[in-house]
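# Analysis of the macromolecular model
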Amino acid sequence: MTKFYEGRVVTKSVPKKDALSLAMGKPMYTDDIDYKDLVHVKMLRSPHAHAIIEKIDTSKAEKLPGVVGILTYKNSSQVLHTSAGQGFPEPSPYDTRLFNKKVKFVGERVAAVAAETIKIAEAALDLIKVEYTVLEPVFDHDKALGNKVVIHDEDDSKYIIPVFFDPKKNHASHVDAETGDLEKGFAEADHIVEKTVRNHYGQHCPLEPHISIAYIDNYDRLVVRTATQVPFHCRRILAQILEIPLSQIRVIKPRIGGGFGTKQEIITEPIVASFAWKLKRPVKFEFTRKEEFISARTRHPMTTWFKAGVKKDGTITAMDMRVTSNTGAYGSHALTVLSNTGSKTLPLYHCQNIRFIGDTVYTNLPVAGAYRGYGGTQASLAMEIVMDDLAGEIGMDPAKFRLMNHIKAGETSPIFKALGEGTEGVEQTVDSVGLTECINQGADAINWWNREEIKKQNSTDTVKRGFGLVCVMQGSSIPDIDMAAGYCKMNEDGTFNLLVGATDIGTGSDTILAQIFAEGLGIEESDVIVLSSDTDTTPFDTGAYASSTTYLTGQACINLTMKVKEQLFTYTATVLNVPKDELKIEDKAVVHKKSGKQMTFAEIGTKSYYSENQTQIGAVASELSKKSPPPFIAHYAEVDVDIETGRVSVLKYVAAVDCGTPINPKLVVGQVEGALVNGLCYALSERYIFNDKGKMMNPSFGNYKIMTTIDLPEIETIIVPTYEPSGPWGAKSVAEVNISGPMPVLSNAIFDAIGIRMTEPPYTPDRVLKAIQDHNK
């Protein structure tokens, strides 16, 4: 039986701290506060995928009544930077400026107008005259490397860390790793499977688009209220771009209407900050939905070639993966997403002979960036298709094949060490693995072992039933790089203020961290008042990315409780005149074990403030992760495929999840189902449609299809508790991993239904029907 932790506050589904306020529509988001004399920003964007601005004339726009400022490459900061909100030094290339003379994709910034009203700003855009020299673009990432079209021909683009970079060949990053003897491994194989898969552009589709408001406070400091996942990185990058002291900037993150990685970018903030610093007035810039599609960030499209060998007994002898990733016009997260395609997939199965080669290239298409799953999503598509086909080659059930081969607790993978420093992969032992239970419980839930009979009973001449299974892993934080901190103080009534830099982006992390903290002090979650994400008032935190908040900031909160406990015991021992080592915490009181004498937390809080040995009970603590323990999932899907129309109907979806200790089971289910629905949309319907000039033709929810509740299949989530020794109360991450299941599991289910392998999502009816027709030729 898998060991797990059953807590008093932890493992309980307490309500989210902000649930009622959000349900009642209270003003909590960036745009919910009115500012006097607010200036509005609108952006003129490039109509060309690749062009040089030869002339830009803003004179007529400047004379329009109500226009208060215009920014172009001529009068704005030209500091080279990356928009990626990552730790310093950033592992993304410094290859962009606020405005560029050379535009590199349709939708790139050309000129920003600040005006008294949105209508005036929009009218001013029409008065700006721009003359371009249009250049030849490159759109196909498989043809970009070494292409005659050079996208970044400037001489000063660079990484500030020592990694490969060759922009003159459109080469944004390169990773390679090898372990064992690949040639020998394939020679030992009885069967070899080789597949090439291609995933597509996808947008995060947060209901709240990018939005930022900047103003100057009473102390002449720049304050930026913004929908961001990374307030501290935002502050640092703003100081860099504006060339002002970091101490002159305050970043506040209010509630966020969805992030999913796209708000790990510093995009709207530099614009409002530049105007506010110059105009000394509040400035707001909010993306339209069209701008969110074309000018925010996307998932990296990739071509992934995967080859693997297997013996007749099911032993995997070799795995070889090669990835070409499309970063679009700028290299945001180019290296780290690429690295994750290997580090978050290849360790999943036992294999001693592994090679991973990856390249990221520039194209003249929208800029890719961080997106939930972060490389693991793309690579899992290839690997899990190949794993299913390997099982088919040897006649082994796909579930039994994975049960035999997946990594077990106490084991490691040679690829961890092979990837080494500079990526998220480090040599480590995996100490908590509930994947066997996930596979078995998921199989029972979907009736996997009886699927052939179910298929016979439910398939018709035109509609075929199929079942699919995949396994996926991810990680929890970035070891030896990410740090999180917290601060707490005790109040007179025995409650605590908990201040954390961690960013709640709708995930419920404020609630989760309160539960972790409360568990450590024997109090209720409601006794913890959480304030998060303000660079002036909360401690540092890297932000909401890399599946780090519960695991990393949660451990910082446990470190806080250990310090506070020591203070509570010291204070009580002095007041009661008893030995400190004879004290315990029980029912919100410090109790002397022998005599039964006690001081309640409220008594300690009051006395320590006002009457006896006055002191502030509180602490600061931080945590630097040393490991990145993977969460594991087994996803199952039951589908119908209509061979006359190509329509794929998902009937039931089962997600069995090992996230260590589920701190708040209902919030875990919310994260699981939110991620898998995100993945289902991406697998079935989401698609960027470009014309031959690189312009997106469907930048709206009317034409870019995401699911609504009426589109959803029956979903069953199974939480498989384990205990991660390095995590807070045994917890590890859960928010990202489940997005990586739908693409491969639906490919496997479609193949099971009709015997045709789909390797290029989305699996829209037209694509599936074409595959059927091509197969039948």
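Residues numbered from 1 in each chain as written. Predicted model: local features only at pLDDT ≥ 70, side-chain atom pairs only at ≥ 80, totals over all residues. Heavy atoms only, no water.

## Remarks on the overall build of the chain
When its secondary structure is counted, the chain shows 19 helices and 26 strands. Taking 2.2 N^0.38 as the reference for a compact globule, 777 residues should give roughly 28 Å; the C-alpha atoms of the chain span a radius of gyration of 27 Å, in line with that estimate. Looking at the chain as a whole, 63% of its 777 residues are labelled buried. Once local pairs closer than 6 in sequence are excluded, the contacts in the chain between residues at least 24 apart make up 80%. Here the chain has roughly 28000 Å² of accessible surface; of this, 51% comes from carbon and sulfur atoms. (Helix = DSSP H or I, 4+ residues; strand = E, 2+ residues; numbered from the N terminus. Rg over C-alpha atoms; globule rule 2.2 N^0.38 Å. Buried < 20%, exposed > 50% of the residue type's maximum accessible area, 1.4 Å probe, protein only. Contact = heavy atoms within 4.5 Å. Areas by Shrake-Rupley, 256 points an atom, 1.4 Å probe, with all protein chains shown as cover.)

## A few points about the sheet that holds strand β9 (residues 211-216)
Spatially, β3-β5-β1-β12-β9-β10-β11 is the arrangement adopted by the 7 strands of the open sheet, whose pairing is mixed. Looking at which strands have only one partner, the edges of the open sheet turn out to be β3 (67-71) and β11 (249-252). For this sheet, the mean angle separating the axes of adjacent strands, direction not counted, is 20°. (Pairing = 2+ DSSP bridges. Axes fitted to C-alpha atoms, helices over the stretch in contact; angles between N-to-C directions.)

## Focus on the nonpolar core
If you look at the biggest cluster of nonpolar residues, it comprises 109 residues, and the most contacted ones within it are F306, M319, M387, L435, Y636, L746 and Y763. Residues V67, L242, I267 and F287 belong to the second largest nonpolar core, which totals 54 residues. (Core = buried A, V, L, I, M, F, W, Y, C linked by side-chain atoms within 4.5 Å.)

## Thoughts on the packing of helix α9 (residues 376-393) against helix α18 (residues 742-754)
In contact at an axis separation of 8 Å, α9 and α18 are set at 30° when each is read in the N-to-C sense. By the criterion of interaxial angle, the relationship of α9 to α18 is roughly parallel. Crossing hand, α9 versus α18: right-handed. In this structure, α9 contributes T377, S380, L381, E384, I385 and D388 to the contact, and α18 contributes M743, P744, S747 and N748. Tallied by class, residues from the contact of α9 with α18 come to 4 nonpolar, 4 polar and 2 charged. (Parallel < 35°, antiparallel > 145°, perpendicular 65-115°, else oblique. Left-handed = near helix turned anticlockwise from the far one by under 90°. Nonpolar A, V, L, I, M, F, W, Y, C, P; charged D, E, K, R; others polar.)

## Details of the confidence of the model for the chain
Of all residues in the chain, 99% have pLDDT values of 70 or greater, and the mean over the chain is 96. Here residues 421-426 is modelled with pLDDT under 50, and outside its nearest four sequence neighbours on either side it reaches 15 contacts, counting other chains as well. (pLDDT = per-residue confidence, 0-100.)

## Comments concerning the pairing of strand β15 (residues 354-362)
When a strand is regular, its side chains alternate between the sheet's two faces. Counting buried positions along β15 yields 7 of 9 residues, so the element is predominantly enclosed. Of the pairings in the sheet, the one linking strand β7 (residues 171-179) to β15 comprises 8 bridges and is antiparallel in character. Residue T179 lies in a different strand from β15, and its bridge partner there is I354. Pairing analysis gives 9 bridges linking strand β14 (residues 316-328) to β15, with the strands arranged parallel. By the bridge assignment, S325 is partnered in β15 with T360. Handedness of the β-α-β unit built from β14, helix α8 (residues 334-343) and β15 comes out right-handed. (Right-handed = clockwise from strand over helix to strand, strands pointing away.)

## Comments concerning the side chain of S747
Tracing the backbone shows S747 in helix α18. Take S747: its relative accessible area is 0%, and that puts it in the buried class. Polar side-chain contacts of S747 include one of 2.7 Å to the backbone oxygen of M758. Beyond its immediate sequence surroundings of up to four residues, S747 is in contact with I385, R757, M758 and Y763. (Polar contact = N/O pair within 3.5 Å; in protein donor to acceptor, adjacent residues only side chain to side chain.)

## Brief notes about the packing of aromatic side chains
For the structure on display, the rule yields 17 aromatic pairs. Relative to F287, the ring of F285 lies with its centre 5.5 Å away and its plane at 70°, an arrangement referred to as edge-to-face. By relative accessible area, F285 is classed as buried at 1%. The exposure class of F287 is buried, given its relative accessible area of 3%. Ring pairs connect the aromatic residues Y201, F293, Y688, F690, F701 and Y704, which therefore count as one cluster. In this structure, R109 packs its charged tip against the face of F99, placed 6.0 Å from the ring centre. One cation-aromatic arrangement involves R451 over W448; the distance from NZ or CZ to the ring centre is 3.9 Å. (Phe/Tyr/Trp six-rings, centres within 6.5 Å; stacked < 30°, edge-to-face > 60°. Lys NZ or Arg CZ within 6 Å of the ring centre and 35° of its normal.)

## Some details on a negative patch on the surface
Taken together, D176, E178, D181, E183 and E188 make up a surface patch of like negative charges. Assignment of secondary structure puts E188 in the loop between α4 (182-187) and β8 (191-199). Here E188 falls in the partly exposed class, since its relative accessible area comes to 34%. (Patch = residues over 30% accessible without salt bridge, like charges linked within 9 Å, V, L, I, M, F, W, Y side chains within 5 Å. Salt bridge = Lys/Arg side-chain N within 4 Å of Asp/Glu carboxyl O. Lys, Arg positive; Asp, Glu negative; His and termini not counted. Charge placed at Lys NZ, Arg CZ, Asp CG, Glu CD.)

## A short note on the pattern of salt bridges
Using the criterion set out here, one finds 46 salt bridges in the structure. With its nearest N and O atoms 3.0 Å apart, the salt bridge here joins K263 to E208. A residue pair is termed long-range when its members are at least 10 positions apart, and K263 in the loop between β11 and α6 (269-279) and E208 in the loop between β8 and β9 qualify at 55 residues. By relative accessible area, which is 12% here, E208 ends up buried.

## A closer look at the sheet that holds β7
With respect to topology, 5 strands assemble into an open sheet ordered β7-β15-β14-β13-β8, the strand pairing being mixed. Single-partner strands in this sheet number two, and they are β7 and β8. Sheet twist, expressed as the average angle between the axes of neighbouring strands with direction ignored, equals 5°. Strand direction decides the pairing type here: strand β13 (residues 302-310) and β14, joined by 9 bridges, are antiparallel. Across the sheet, M302 pairs through a bridge with S325, a residue of β14. Against the sheet, α9 engages β8, β13 and β14, with an angle of about 150° to β8.

## A look at the packing of helix α15 (residues 549-576) against helix α16 (residues 601-610)
Between α15 and α16, the least distance of the axes is 11 Å, while the angle of their chain directions is 75°. The orientation of α15 relative to α16 falls into the category roughly perpendicular. Contact residues: α15 offers L568, Y571 and T572, while α16 offers F601, I604, K607 and S608. Residues belonging to the contact of α15 with α16 are distributed by class as follows: 4 nonpolar, 2 polar and 1 charged.

## Some thoughts on the pairing of β14
β14 sits mainly inside the fold: 11 of its 13 residues count as buried. Counting the residues in the hairpin turn of β13 and β14 gives 5 residues, including G314, whose phi is positive at 100°.

## Observations regarding the environment of T117
Its location among the elements puts T117 in the loop between β5 (109-115) and α3 (118-127). T117 sits in the partly exposed class, given a relative accessible area of 33%. Along the sequence, T117 and L38 sit 79 residues apart, while their C-alpha atoms lie 8.5 Å from each other. Within the structure, T117 has its side chain in polar contact with the backbone nitrogen of I120 (distance 3.1 Å).

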